[in-house]
Amino acid sequence: MSDTEFVAGMSMVISLGCLVAIGCLYRDFRSDNFRDQLFTLRDEMFLYVLNEGITETAAHRNLRLVMNHFIRYAHRVSVSRLLLLDLCDRVFAIRQSPPNVYVEWVEAVDALPVHQAQRLREFHDKAMFLMEKHLVSGSPPLWLTYWLGYVAGRAHILIFKSTKTFIDRVINSFTKRLEVDALLTT
Amino acid sequence: LSEDRLERLISRGIDGLVGLLHTGIIGVVVIFIFFYAKEVLVAFAGKETAANLALSLAANLQLDRWLAYLVGASGVGYGIRQRQVRRRNIERMTGHNAEVEKQVHPTRTSSGLTAKGKTRREDR
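Right, let's walk through the structure included here. Remember, it's a predicted structure, so these values are computed and weren't measured experimentally.

Description of the overall build of chain A
Broken down by element type, chain A carries seven helices and zero strands. When the helices and strands of chain A are read in sequence order from the N terminus, they spell out α-α-α-α-α-α-α. The C-alpha atoms of chain A give 21 Å as radius of gyration, which overshoots the globular expectation for 186 residues (16 Å, by more than 25%). Out of the 186 residues in chain A, the part that is buried amounts to 40%. If you take every contact in chain A between residues at least 6 apart in sequence, the share linking residues at least 24 apart comes to 79%.

This is the structure in structure tokens:
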């Protein structure tokens, strides 16, 4: 073996070691980033409800609870977990009913004036979107699927508006499962 | 078992499984790296191994160089993303505080940095 080959071999060993270290750091960073975005959203929501004078309503309290669950749950969001949850649901024939916190929140929001209800639903949707983003960004195979789906979806939406509703429903069903898990287990 | 308890139990089980999977993957990669390093050292000591062929191929393809580029790029990317989060954090933590402080103490002085904690263009 020549010296050049030895240096190349050892460089690869060191580089692979560094890549593993960066990979571990990046995994923690992703959770921190997701949590940070949720904190920002929660603060934004708090300022809104403070201005509107609805801090002591179940609509705010429960949505804050939901977000706090998401914040605690951030390190657990992964495709592998979602797949295992889905598998367990099928194996144990679990029929998920929405958690009380969520049911109460929906009822409380419905009781609010239209503009406030809409704004609070937007905050919830944003939190769910952040979870979707976190889920997709953490799985390289999903990057490709996401972009292919996005391009195909955009093209199809131009022809059929129902596709958007269909895609939304598929994505919602996945993230809703994680929402239920977050509310029940953290 | 009630459904809630079953769900919690399943969740705990999945936690353990996913944790094991992650540790397992990292463990396999680390073992591979050590094995590879051993093969390189053995080959360098003069013994003919299967690694010789792989190493000469890697050297010819300059894989070491490309891997080093990847490490560098990943490190820089990680640093940039960290900086973005830190700046967003500064914006989140200081925005509302500054507003309240201004109400309580209107003549308070300011650091003069931007909302994200960066140096203003005119101060550069």
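Examining the overall build of chain B
Each helix and strand counted, chain B has three helices and zero strands in total. Sequence-ordered secondary structure for chain B, helices as α and strands as β, is α-α-α. For chain B, whose C-alpha radius of gyration is 27 Å, the value lies well above the compact-globule estimate of 14 Å for 124 residues. Per-residue burial over chain B gives 20% buried out of 124 residues. Counting every atom, chain B has about 9200 Å² of accessible surface; 62% of that belongs to carbon and sulfur. Averaging the locations of the 19 positively and 12 negatively charged side chains of chain B gives two centres separated by 7 Å.

Topic: the interface of chain B and chain A
Of the residues lining the interface, 42 residues belong to chain B; the matching set on chain A comes to 43 residues. Taking both sides of the interface into account, the surface hidden between chain B and chain A amounts to around 4200 Å²; carbon and sulfur atoms contribute 70%. Of all residues in chain B, the largest losses of buried area upon contact with chain A belong to Glu7, Tyr78 and Arg92 of chain B, amounting jointly to 16% of the total for that side. Linking chain B with chain A are six residue pairs in polar contact (both at pLDDT 80 or more). Looking at the side of chain B that touches chain A, the elements with two or more residues in it are helix H1 (3-44), helix H2 (50-60) and helix H3 (63-104) of chain B. In terms of residue count, the dominant contributor to the side of chain B that touches chain A is H1 of chain B (22 residues). Residues belonging to the side of chain B that touches chain A are distributed by class as follows: 25 nonpolar, eight polar and nine charged.

Examining the pattern of salt bridges
A complete count under the given rule lists 15 salt bridges over all chains for this structure. Across the pair Arg76 of chain A and Asp15 of chain B runs a salt bridge, and its minimum N-O distance is 3.0 Å. Note that Arg76 of chain A is positioned in the loop between helix H2 (58-73) and helix H3 (79-91) and Asp15 of chain B in helix H1, a pairing that runs across two chains. With a relative accessible area of 22%, Asp15 of chain B lands in the partly exposed category.

Looking at helix H4 (residues 100-110) of chain A
Each α-helix turn comprises 3.6 residues. Residues three or four places apart therefore point the same way. Residue and element names in this part refer to chain A. Taken as a whole, H4 has its buried residues at Tyr102, Trp105, Ala108 and Val109. Down the axis of H4, the buried set is contained in an arc of 125°. They therefore lie on one face. Exposed and facing more than 90 degrees away from the buried side of H4 are Asn100, Glu107 and Asp110.

Considerations on the packing of aromatic side chains
Under the defined criterion, the tally for this structure stands at seven aromatic pairs over all chains. Seen from their ring centres, Tyr26 of chain A and Phe29 of chain A are 5.5 Å apart, and the 40° between their planes marks the pair as tilted. Taken as a pair, Tyr26 of chain A and Phe29 of chain A lie in helix H1 (residues 3-52) at a separation of three residues, close to a single helical turn. Overall, the relative accessible area of 2% leaves Phe29 of chain A in the buried class. Between Phe32 of chain B and Tyr36 of chain B, the aromatic rings sit 6.1 Å apart at their centres with planes inclined by 20°, giving stacked as the arrangement. Placement of the pair is Phe32 of chain B and Tyr36 of chain B together in helix H1, with a separation of four residues, close to one helical turn.

Here we look at a nonpolar patch on the surface
Residues Trp143, Tyr146, Trp147, Tyr150 and Val151 of chain A make up a contiguous nonpolar surface patch of about 570 Å² in total accessible area. Since its relative accessible area comes to 52%, Trp147 of chain A is described here as exposed.

Thoughts on H1 of chain B
Residue and element names in this part refer to chain B. Taking 1.5 Å of rise per residue, 42 residues should cover 62 Å, and H1 covers 61 Å from first to last C-alpha, within 8% of that figure. Buried residues of H1: Leu6, Glu7, Ile10, Ser11, Ile14, Val18, Ile33, Tyr36, Ala37, Glu39, Val40 and Ala43, and no others. Looking one or two places after H1, you find Gly46, whose phi comes out positive at around 115°.

Brief notes about the packing of H2 of chain A against helix H5 (residues 114-137) of chain A
Angle between the axes and distance between the axes: these two values describe a pair of packed helices. Residue and element names in this part refer to chain A. The N-to-C vectors of H2 and H5 enclose an angle of 5°; their axes lie 11 Å apart at closest approach. On the basis of their axis angle, the class for H2 and H5 is roughly parallel. Contacts between H2 and H5 involve Ala59, Leu63, Val66, Met67 and Phe70 from the first element and Leu120, Phe123, His124, Ala127, Met128 and Met131 from the second. Within the contact of H2 with H5, the residues separate by chemical class into ten nonpolar, one polar and no charged.

What counts, and where the lines are drawn
- Residues numbered from 1 in each chain as written.
- Chains lettered and ligands numbered in written order.
- Predicted model: local features only at pLDDT ≥ 70, side-chain atom pairs only at ≥ 80, totals over all residues.
- Heavy atoms only, no water.
- Helix = DSSP H or I, 4+ residues; strand = E, 2+ residues; numbered from the N terminus.
- Rg over C-alpha atoms; globule rule 2.2 N^0.38 Å.
- Buried < 20%, exposed > 50% of the residue type's maximum accessible area, 1.4 Å probe, protein only.
- Contact = heavy atoms within 4.5 Å.
- Areas by Shrake-Rupley, 256 points an atom, 1.4 Å probe, with all protein chains shown as cover.
- Lys, Arg positive; Asp, Glu negative; His and termini not counted.
- Charge placed at Lys NZ, Arg CZ, Asp CG, Glu CD.
- Buried area = accessible area lost by both parts, 1.4 Å probe.
- Polar contact = N/O pair within 3.5 Å; in protein donor to acceptor, adjacent residues only side chain to side chain.
- Nonpolar A, V, L, I, M, F, W, Y, C, P; charged D, E, K, R; others polar.
- Salt bridge = Lys/Arg side-chain N within 4 Å of Asp/Glu carboxyl O.
- Arc of directions from axis to C-beta.
- Phe/Tyr/Trp six-rings, centres within 6.5 Å; stacked < 30°, edge-to-face > 60°.
- Patch = residues over 30% accessible without salt bridge, like charges linked within 9 Å, V, L, I, M, F, W, Y side chains within 5 Å.
- Expected span 1.5 Å × (residues − 1).
- Axes fitted to C-alpha atoms, helices over the stretch in contact; angles between N-to-C directions.
- Parallel < 35°, antiparallel > 145°, perpendicular 65-115°, else oblique.

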